[in-house]
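Close look at the chain arrangement
Listed below are the residues making up each chain.
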Protein chains: 2
Amino acid sequence: MKISGLLTSAGINIALSVLFISLYSVLRKQPANVRVYFGRRIAEEHNRLREAFILERFVPSTGWIVKALQCTEEEILAAAGLDAVVFNRILVFSLRIFSLAAILCVFGILPLNYFGQDIHHVRIPSESLDIFTIGNVKVRSRWLWVHCVALYIISGVACILLYLEYKHIARLRLRHLTCAMPNPSHFTVLVRGIPKETKESCSNAIDDFFTKYHGSSYLFHQVVYKVGKVQKIMTGAKKAYRKFKHFTDSTIDQRCRAISYRCCLCGASSNSFQLLATGLEQNQGKSDLQDSSLKLDDQECAAAFVYFRTRYAALVASEILQTSNPMKWVTDLAPEPDDVYWSNLWLPYKQLWIRRIATLLGSIVFMLFFLIPVTFIQGLSQLEQLQQRLPFLKGILEKKYMSQLVTGYLPSVILQIFLYAVAPIMILFSTLEGPISHSERKRSACCKVLYFTVWNIFFGNVLSGTVISQLNVLSSPKDIPVQLARAIPVQATFFITYVLTSGWASLSSELMQLFGLIWNFVRKYILRMPEDTEFVPSFPYHTEVPKVLLFGLLGFTCSVLAPLILPFLLVYFFLGYIVYRNQLLNVYRTRYDTGGLYWPIAHNAVIFSLVLTQIICLGVFGLKESPVAAGFTIPLIILTLLFNQYCRNRLLPLFRTTPAQDLIDMDREDERSGRMDEIHHRLHSAYCQFHDTEDIPLEKIQTVGSDEEQGCSSDKSNGKESFEEPRAELSHPTLNGLPVSRLRHAVKSITFLVRLQKRGLSE
Amino acid sequence: MKISGLLTSAGINIALSVLFISLYSVLRKQPANVRVYFGRRIAEEHNRLREAFILERFVPSTGWIVKALQCTEEEILAAAGLDAVVFNRILVFSLRIFSLAAILCVFGILPLNYFGQDIHHVRIPSESLDIFTIGNVKVRSRWLWVHCVALYIISGVACILLYLEYKHIARLRLRHLTCAMPNPSHFTVLVRGIPKETKESCSNAIDDFFTKYHGSSYLFHQVVYKVGKVQKIMTGAKKAYRKFKHFTDSTIDQRCRAISYRCCLCGASSNSFQLLATGLEQNQGKSDLQDSSLKLDDQECAAAFVYFRTRYAALVASEILQTSNPMKWVTDLAPEPDDVYWSNLWLPYKQLWIRRIATLLGSIVFMLFFLIPVTFIQGLSQLEQLQQRLPFLKGILEKKYMSQLVTGYLPSVILQIFLYAVAPIMILFSTLEGPISHSERKRSACCKVLYFTVWNIFFGNVLSGTVISQLNVLSSPKDIPVQLARAIPVQATFFITYVLTSGWASLSSELMQLFGLIWNFVRKYILRMPEDTEFVPSFPYHTEVPKVLLFGLLGFTCSVLAPLILPFLLVYFFLGYIVYRNQLLNVYRTRYDTGGLYWPIAHNAVIFSLVLTQIICLGVFGLKESPVAAGFTIPLIILTLLFNQYCRNRLLPLFRTTPAQDLIDMDREDERSGRMDEIHHRLHSAYCQFHDTEDIPLEKIQTVGSDEEQGCSSDKSNGKESFEEPRAELSHPTLNGLPVSRLRHAVKSITFLVRLQKRGLSE
């Protein structure tokens, strides 16, 4: 590929990006799209945007960019949680290190590469891109030490920046733990692998065990039931009720008193609401009857939340091996109430290790199979081979414009389409693994997507790009550095176009929210459905973190060898910095948070990138027969690995557990100020299994469920709550166009639910 | 090598073994050797062996074999600790599985191999050993399924036996923890990385921290001083004193009252003893003065033992991350008092990770360098190459007897000599690593020696034996199974001779205690030194465990492919079973115990052996073009790995930590019976830094140091103790032939010590 080809590609992409960004700045001002572009703000801040028709709405503006740049870390932390801050810091780190690398390499190394051989230089636009890589430097050149010094500076500064960021995020994480509102998850331990004994009920077994061994700090517990089917029906019923409520909003009393409203469609009476309420009251009365019915369900009990008096006691209980059978009475700190992945809680603990191995094998197989389309696509970028294989295309491909388009643009686009399927598949794998929280699931998927991306995009291209269908390169690990050293400068062209297409384009589409926009339009104007006020998406860390880290890997590996990529990469990171901040502030809603656990992933990825870069440079210096440069690279690799080990020792433990000191201080502070009783009180209603956590904020539950003291009461508080809660924020007119089948299903579900309630299935 | 060569070798070794064993049964009955062969019994059981001269003493007997076979596991546990039981179980496991394998393979597979090809069979003694390996089976033979079935049976039974042993040892470990006498180490936590603050003294800092954060369970603490030099002098002085005491045993009062005995050799007065005692008394009086001098030494304080009220509290404190800096206030459960490796305790905690990496790299380099002599030695076993390289030997080597000797015997002997250097070097590496206990050091050395042995003896021979100087086999991992599959049947000859020479001979020398015997003789009759009553060696787990595991590896890998090794191996294990039990009961003294931590090492080694065997068989079946057998081997590998993972989940945690349930039960039991106060009382004198733990049993310290309550008092109790303790068991006459220089050194050391005591260096 020549410089002109690159410029064509860059031109197309810049034009597209500018177009998309301008479009976004117009679209975001349209009131119809407000739910697409301001989902978080509407859901959390309840502010209303003006709807007046003014010309300004149709003029592109840059105010949002200024806003995104101006907002502080504190604001991001408050609006989008710690994970958003971590993501932001990954971008900041990338911006910093690649600014330095760009200055260093573009001004220091690019000229060296360009004038590396005594050849006649043609006009720059017709120059091949290979001229700008280290491939153009003479063998045994006396200028290779410059490359080595640049490598040292980049590695050193990267390590220093990494350490500062790591420390900063560790501090934020601790502050996040200590300064936050009293969090029920700090007091709660999830117990799995409760032994099944036929004589006593499961609930009694838990009580006995924790009273005996953690008596001084044990408060009470709440059993998690294995109720896959019932739960699905409950959720279905609740959704149906919500729709039903839209329909009846103006005709029935908000508090569901006994109004015998006859549904016009299926003939069922709406006093099923009344029935339910009565059922609940009856349940409260006959607690003795409940006990007998409880025993029937005991086989179903597989996990429980156990509440402790202090945070420290919960931590201790979660970290200690309880009994001499490590598969029984397994304790973990509970995830936050909104974060609990209920349907995985009742998985038998014994199964989990098998599941983990199975999904690991599954993802490895998936990773390896994916190489086939990647290899094929890579073939597309090599024109001669394509012409050879598909001779009928020869005529088309010989046109200059087509050839530039095919080599510069098409491969990345096809790859991109394939890659869209990866994230959902990895999420599926992570779900099967059996994590107990949403955040853990996403983090695990993030790791999988990262491995996948690095393997398939980076190594897949590098290793297969040079010699197509040479898959047996794996059989000789000793040759890999040399292989990489040969391949990277050659593949730099592909990586540059990849940054242009995949990088820039993905940012534009992220900003535009094309899918959300179209769906919103279809929903509103074609299906004429009511707006789904509840659904605001979470930030897709599992796709975006690997993407940013992959570009970091490309940047590091190409920096010294083919520095032409760096300006494009810098533009990507800067654009990403603006776009992602804007999206985090406006679009996505944070329901759950890993508490900064994405940072160790990012740290490891950067260390891997650095070491890989150094190994590749070692290979290149070897190929160029420069023993001095190669010799100086080896200590650099060792130093980088030592730095990584130091970080693992010094900072990683803070991301795995919580220091006792801080927890004890928090406990004392709460006890001193007398808040502890209130916190204990709130714990009773913190975790609700049959509660659709997506729609009711925690604080509301906590105030409602305050009159219940005797044991867990998830169902009751939840049942009452979601049926009684007045939905003041629903300001849209009720729509009569609800499909008949939905309504019928809703009523059916609710009647079934009432029957279940009567049979005392829930405590 | 031919059968006749093998038989020659076997004959030599059998003769040697019988000779050594007979010699042993005679020598052990000589009273002069009683300290060599009954070290443990004399030191621990204080029983006296009759010394009468009777003829029976010079007739070989087998009574000791019967005794060794008859003793129960309980007796071994009582006499030599849990590690000895684990070692015994490794031998039992090996015996069981290889009995099965021998029956299966010798009767099932050996005939198949022998008649594998339609060749004319000569007389069996002239038959090459290769005829008995799988190499003799035809390609695409329809009998290969027998090999596959045998592999399945051996793997399956091995896994079942492994699981039963693992469970048994886990149970023993728990019982060992719970049934033992109250152990001070259960109540004690070793704290390292105590932050240095100039304002307050180190001791106060510890007090403040633990009173604040573990106030309810914290008892008191004891600072470990960084006193490398002083400690050395103290130990030297004590040793000198002991010698001095032999010398003056009959002339001065045992309790060191003020007797001004003038030393006849150097003129120093022996009331230095008096001085010391006075110094101690003075120290007790002026505790206010001590405080001021204590502060001077605070910079030296790097670690401390912190004592807790209950076992559970100590466990909790040791497992929780204390502060937000994981390098500070690092807590670990303390090792047992006799097990503490004092000189490593004051190593700065920050240094340890660097030390670990450095020793890891050091041992890897050592492992790789060792390949060179191994490769050379392997060359010796290939006669043609040797003749080619050293042509002047041609004449000698062409003699039939020499050729058999060289191929069958010499290589192993030379290798054996080289290998004697390995264990001390690995112990040195493990010491540099900075473990806090003797047992941990030995365990770490055991792992290193194991890796070393497996790599150098097994892989070194297999990979270099087939193609000499082909060291680049590492560069193609895909070929390794095929390479191994080709090499193992060929190398089986070497392994058989290795079992004969190294295995049998090492058992004979272990039984004979040749070094100890000679040293004892030289010491007694040439140097005329007094018997060193204190020195009884510990069992060298770090050399013996890897040896047994290596033979297990050889057995598994050769079982199906070259079953001729199995009878020899069975003899080895049976002999080993007798010899080691005898040695554990009579010779070695158990000073420290890892509590069964050698078992996970053995388990992993066996799993590794099984998987390696399966991979090699896969390669062989591939070479023999038997897709069915190869196809059935793959699920076997997966099943074995799954089994290993299950054991890691189900049983390994018990070897890493202690279940809270058992500890809490023990605490309650002690509290109920009122023993707790007594235990707390004893803690004060449990750990003594300046106390030479090798000579005074724990129970004596505990009774002596009972009147000291105010903080730690290691020095005082120790000082008093070792100088006052009457040594009733020393029944030997005092020897006057002590060298002059030693006595002078002794007196010098003691005077120096007294000066130090006066300056208040010790608390």
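Residues numbered from 1 in each chain as written. Chains lettered and ligands numbered in written order. Predicted model: local features only at pLDDT ≥ 70, side-chain atom pairs only at ≥ 80, totals over all residues.

As named in an unreviewed UniProt entry, chain A is CSC1-like protein RXW8, taken from Oryza sativa subsp. indica. The annotation that UniProt attaches to chain A under Subcellular location (unreviewed entry) is "Membrane". (UniProt positions renumbered as here; feature names shortened; annotations may be inferred.)

Quick look at the sheet that holds strand S1 (residues 188–192) of chain A now. All names here are of chain A. As summarised here, the arrangement of the four strands in space is S2-S3-S1-S4, forming an open sheet in which the pairing is antiparallel. The sheet terminates laterally at strand S2 (218–224) and strand S4 (330–333), the two strands that pair on one side only. Along the sheet, successive strands turn relative to each other by an average axial angle of 25 degrees, direction set aside. Strands in contact with helix H7 (residues 202–213) are S1, S2 and strand S3 (303–308); relative to S2, the strand with the most contacts, it is inclined by about 150 degrees. (Pairing = 2+ DSSP bridges. Helix = DSSP H or I, 4+ residues; strand = E, 2+ residues; numbered from the N terminus. Axes fitted to C-alpha atoms, helices over the stretch in contact; angles between N-to-C directions. Contact = placed C-beta atoms within 7 Å.)

On the side of chain B, 29 residues touch chain A, which itself brings 29 residues to the contact. Those elements that provide at least two residues to the side of chain A that touches chain B are helix H11 (311–319), helix H13 (349–380), helix H25 (627–650), helix H26 (653–656) and helix H27 (660–672) of chain A. Counting residues per element, the side of chain A that touches chain B draws most heavily on H27(A), at four residues. Looking at the side of chain A that touches chain B residue by residue, the class counts come to 16 nonpolar, nine polar and four charged. (Nonpolar A, V, L, I, M, F, W, Y, C, P; charged D, E, K, R; others polar.)

This brings us to helix H21 (residues 514–526) of chain B. Between its terminal C-alpha atoms H21(B) stretches 17 Å, which fits the 18 Å expected from 13 residues at 1.5 Å a residue. Directly after H21(B), the chain includes Arg528(B), whose backbone phi takes a positive value near 55 degrees. (Expected span 1.5 Å × (residues − 1).)

Before going further, it helps to examine the relation of the copies chain A and chain B. When chain A is fitted to chain B, the residual RMSD is 0.0 Å, and the transformation amounts to a turn of 180 degrees plus an axial shift of 0.0 Å. Viewed as a symmetry operation, the transformation between the two copies matches a two-fold axis. Looking at the interface residues of chain A, 100% of them are also at the interface in chain B, so both copies use one shared face. (Least-squares fit on C-alpha atoms with pLDDT ≥ 70 in both.)

Next up on the list: H11(A). Because each turn of an α-helix spans 3.6 residues, side chains separated by three or four positions in sequence point in the same direction. With nine of its nine residues buried, H11(A) lies for the most part within the structure. Those residues of H11(A) that sit buried are Arg311(A), Tyr312(A), Ala313(A), Ala314(A), Leu315(A), Val316(A), Ala317(A), Ser318(A) and Glu319(A). Where H11(A) is buried, its residues meet S1, S3, S4 and H27 of chain A together with helix H11 (311–319) of chain B. (Buried ≥ 20, exposed ≤ 12 C-beta atoms within 10 Å, placed from the backbone.)

Bringing the environment of Leu161(B) into the picture now. Residue and element names in this part refer to chain B. By the secondary structure assignment, Leu-161 is in helix H6 (residues 144–179). On the basis of neighbour count, Leu-161 is assigned to the partly exposed category, with 17 C-beta atoms found within 10 Å. When the C-alpha atoms of Leu-161 and Ile-97 are compared, they prove to be 7.9 Å apart, with 64 residues separating the residues in sequence. Residue contacts for Leu-161: discarding those within four places in its chain leaves Phe-93, Arg-96 and Ile-97.

Moving on: the environment of Ser94(B). Residues and elements named next belong to chain B. Assignment of secondary structure puts Ser-94 in helix H5 (residues 73–114). Each C-alpha atom of the pair Ser-94 and Phe-305 lies 41 Å from the other, and the pair is 211 residues apart in sequence. In contact with Ser-94, not counting residues within four places along its chain, are Val-548, Gly-552 and Phe-573.

Let us look at the pairing of strand S2 (residues 218–224) of chain B. Residue and element names in this part refer to chain B. Of all seven residues in S2, five are buried; the element is thus mostly enclosed. The sheet contact formed by S2 and strand S3 (residues 303–308) spans six bridges and is antiparallel. The residue of S3 that forms the bridge with Val-223 is Ala-304.

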